[in-house]
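# Tertiary structure, described
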Amino acid sequence: MSPFLEPPDASMPAVSRGAAEGKSSPSASEGRSPSTAEIALSTKANTKMHAEKLSAYFGKSQVLKGIALPILEKKVTAIIGPSGCGKSTFIRCLNRMHEVVPNAHVSGEVTLDGLNVYGRDIDPVRLRRRVGMVFQKPNPFPTMSIRDNVLAGLRLNGMRVDDAESRVERALHQVALWDEVKDGLDRAGTSLSGGQQQRLCIARSLAMEPEVILMDEPCSALDPIATARVEELIHELRADYTIVIVTHNMQQAARVANYTAFFYLGEVVEFGKTDAIFTHPTQRRTEDYITGRFG
Amino acid sequence: MSLSGERHALRKFTDRAFSASCVLATIIALVPLFGILYYVAARGIQGINLDFFTQLPKPVGETGGGMANAIVGTLKLVGLASVMGIPPGVLAGVYLAEFGQTRTGSVVRFSADVLSGIPSITVGIFVYSLVVLASKTFSAFAGALALAVIMLPTVTRTTEELLRLVPESLREAALGLGVPKWRATLRVMLRTAAPGIAVGIMLAVARVAGETAPLLFTAFSNRFWSDSWNEPTASLPVQIYTYAVSPFEDWHRQAWAAALVLVSLVLILNIAARVLVRNRVKK
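Each value, and the rule that gives it
- Residues numbered from 1 in each chain as written.
- Chains lettered and ligands numbered in written order.
- Predicted model: local features only at pLDDT ≥ 70, side-chain atom pairs only at ≥ 80, totals over all residues.
- Helix = DSSP H or I, 4+ residues; strand = E, 2+ residues; numbered from the N terminus.
- Rg over C-alpha atoms; globule rule 2.2 N^0.38 Å.
- Buried ≥ 20, exposed ≤ 12 C-beta atoms within 10 Å, placed from the backbone.
- Contact = placed C-beta atoms within 7 Å.
- Nonpolar A, V, L, I, M, F, W, Y, C, P; charged D, E, K, R; others polar.
- Pairing = 2+ DSSP bridges.
- Axes fitted to C-alpha atoms, helices over the stretch in contact; angles between N-to-C directions.
- Domains from an automatic or database assignment.
- Parallel < 35°, antiparallel > 145°, perpendicular 65-115°, else oblique.
- Left-handed = near helix turned anticlockwise from the far one by under 90°.

What follows deals with the overall build of chain B. Across its full length, chain B carries eleven helices and zero strands. Moving toward the C terminus, one meets the helices and strands of chain B in the order α-α-α-α-α-α-α-α-α-α-α. Relative to the 2.2 N^0.38 estimate, which gives 19 Å for 283 residues, the radius of gyration of chain B is 24 Å and therefore markedly larger than a compact globule would have. Along the longest, intermediate and shortest principal axes, the C-alpha atoms of chain B span 85 × 60 × 35 Å. Counting the 283 residues in chain B, one finds 38% classified as buried. Contacts in chain B between residues far apart in sequence, at least 24 positions, make up 74% of those at least 6 positions apart.

Okay, here's the thing in structure tokens:
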């Protein structure tokens, strides 16, 4: 049995690297953000995924520098930080999409239910069916109808879909798109508006019945109304799914996330409950960022 | 500062002059196309009748007869060439688009470019020595092979170029859904690029449909029906050549008719490809 099946114990390194190094906080041991174990205990949430000493590279340039971060089950974790700090790279490491890019590679460990997803016998294709992904720009398949887009994951994998109609309806209901498209399921997925397309893409992920959904700035290409709808949707989804959302928008992180991690230059500066991060950040750099002093 | 001036007049003049020369150049480019179409249609229509499509050529000296065997022969040659040339061409294109950033990729790409520049008669000689000499007979198979070799580089490069135009985000979408790479390539990338690739393939097919030189010593010609793929086979281009250089008035007329049929065939292929694509896009 893998040691990662057990809840992480107190010997786990503190997730706040900056704090552990005592860079800016005078009482590093007291003032640092809670460790993985403390969070897990205080919320009774299980650790669904866990990154440990995770480093990611594009060729020779290192983008992530030894990330340690828990992703708690059925919670929303927001990743914030300035451009180029490795937020997107981090979530792409969680479902092994990072390595799809030529010359990109990863070291360290990411666990899903305690199992190292970078283990030798892990098939990244199967992993991605459990850890779904929504991208920055809506990317429905242009050759498919709305219905086929929802079923794309199943169909493209050659799975037989017996209950196609009910699956489509359920997934589109989940993303609150059903009423808008039910009369035109045969229209092209790309004929929808941007916000609808993004919800269609979320429905497409949901139809695969993943356990974790990674969202890479899902609202950055959407207008405020469409953004609000996607945020509402995230609120509803977190009852059943573990969600990780990368966002540039700090208000959005504050609105949707239970936990927030602040990334800076490829490191986790601070991780904790969202309201704690936004009201009492323990790190100078976090405070500077969320108050708009840089970034 | 004044908002008008002599420079303004000059600029306006330059603009008009440039627009006019563009229009002129377009007309010059279109004249040969419509010239050929008109001339072929005007001359060819005189030789077109039901016999032309249903009868075999008459022996020398007799008037009448048709080119039914050559029409069918061309369809057979082009059809078999497509079967032999399109699948490897598309697959090679996929290889270049997906894995082409390697040394092997550049070698393959360079070879394809060189191959597309080789005179078609050279391909004919190549197939002649490879197939015709070995099998001791001219054949539809040899002719189709020569045409397939000519199609190959065009199909390969078209497929590669069009696959590169498909946004990478679609591949990521598929991979993110837990679709294996080969399925993502086949059913998302290739499927999305399919309409464009179809047009490219049609152009390649249309091009080889009119090739004469590589058929002269591969498929050769035949005054009669060819019953198998393994005997000399008549084709429209070769028949046009044979009839056009003959001294007989009636054969000249039939050569024009054959040219008209060939041009129509190519036009139909082109238009069919475009209609196909437009319908796809509309959906």
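Next comes the rest of the write-up.
Turning our eyes to something else, we now look at the overall build of chain A. When helices and strands are counted, chain A shows 13 helices and ten strands. For chain A, the proportion of its 295 residues judged to be buried stands at 50%. Put simply, 67% of the contacts in chain A that link residues at least 6 apart link residues at least 24 apart.

What follows deals with the interface of chain A and chain B. With 22 residues of chain A at the contact, the number on the chain B side is 17 residues. Among the elements of the structure, helix H5 (124–130), strand S6 (131–134) and helix H6 (146–156) of chain A are those that each provide at least two residues to the side of chain A that touches chain B. Ranked by residue count, the leading element in the side of chain A that touches chain B is H5 of chain A, at four residues. Split into classes, the residues belonging to the side of chain A that touches chain B amount to eleven nonpolar, six polar and five charged.

Residues and elements named next belong to chain A. One open sheet accounts for six strands, arranged S6-S7-S8-S3-S9-S10; its pairing is mixed. Because the sheet does not close on itself, it has two edges, and the strands there are S6 and strand S10 (267–273). Adjacent strand axes in the sheet meet at a mean angle of 15°, parallel and antiparallel pairs treated alike. In this structure, strand S3 (residues 76–80) lies alongside strand S9 (residues 259–264), joined through four bridges in parallel fashion. Each residue of the ladder has a partner; that of Ala78, found in S9, is Thr260. In the packing of helix H9 (residues 194–206) onto the sheet, contacts are made with S6 and strand S7 (212–216), and the angle to S6 comes to roughly 170°.

If you walk across this open sheet you meet the four strands as S2-S1-S4-S5 (chain A), and the pairing is antiparallel. Strands at the two margins of the open sheet, each flanked by one partner only, are strand S2 (61–72) and strand S5 (115–116) of chain A.

Take the domain arrangement of chain B next. Residues and elements named next belong to chain B. As far as domains go, chain B holds domain 1 (6–47) and domain 2 (51–282). Distance between the C-alpha centres of domain 1 and domain 2: 31 Å. Looking at the side of domain 1 that touches domain 2, its residues break down into four nonpolar, three polar and one charged.

Okay, helix H4 (residues 87–94) of chain A next. Residues and elements named next belong to chain A. By the criterion of burial, H4 is predominantly enclosed, with eight of the eight residues buried. Turning to H4, its buried residues number three or more, namely Lys87, Ser88, Thr89, Phe90, Ile91, Arg92, Cys93 and Leu94. Arg96 sits one or two residues past H4 and shows a positive phi near 60°.

Residue and element names in this part refer to chain A. Pairing between strand S1 (residues 47–58) and strand S4 (residues 104–112): eight bridges, direction antiparallel. Of the residues in S4, the one forming a bridge with Met49 is Leu112. The pairing of S4 with S5 spans two bridges and is classified as antiparallel. Paired with Leu112 across the strands is Leu115, a residue of S5. Taken together, S4 and the strand that follows it, S5, pair antiparallel across an intervening segment of two residues, in which Asp113 is found at a positive phi of about 50°.

This part is about the packing of helix H6 (residues 140–165) of chain B against helix H8 (residues 181–209) of chain B. Residue and element names in this part refer to chain B. Across the interface, H6 lies against H8 with an axial gap of 8 Å and an inter-helix angle of 150°. Regarding the angle of H6 to H8, the classification is roughly antiparallel. Between H6 and H8 lies a crossing whose hand is right-handed. Counting all contacts with H6, which are made through Leu147, Ile150, Met151, Thr154, Val155, Thr158, Thr159, Leu162, Leu163 and Leu165, the residues of H8 involved are Met189, Leu190, Ala193, Gly196, Ile197, Gly200, Ile201, Ala204, Val205 and Val208. Each residue belonging to the contact of H6 with H8 can be placed in one class, and the counts come to 15 nonpolar, five polar and no charged.

Residues and elements named next belong to chain A. The contact between H6 and H9 brings their axes to 6 Å, and the two run at 40°. In terms of axis orientation, H6 runs oblique to H9. With respect to the hand of their crossing, H6 and H9 are arranged in right-handed fashion. Here H6 contributes Ile146, Asn149, Val150, Ala152 and Gly153 to the contact with H9, which in turn contributes Leu200, Ala203 and Arg204. Grouping the constituent residues of the contact of H6 with H9 by class yields five nonpolar, two polar and one charged.

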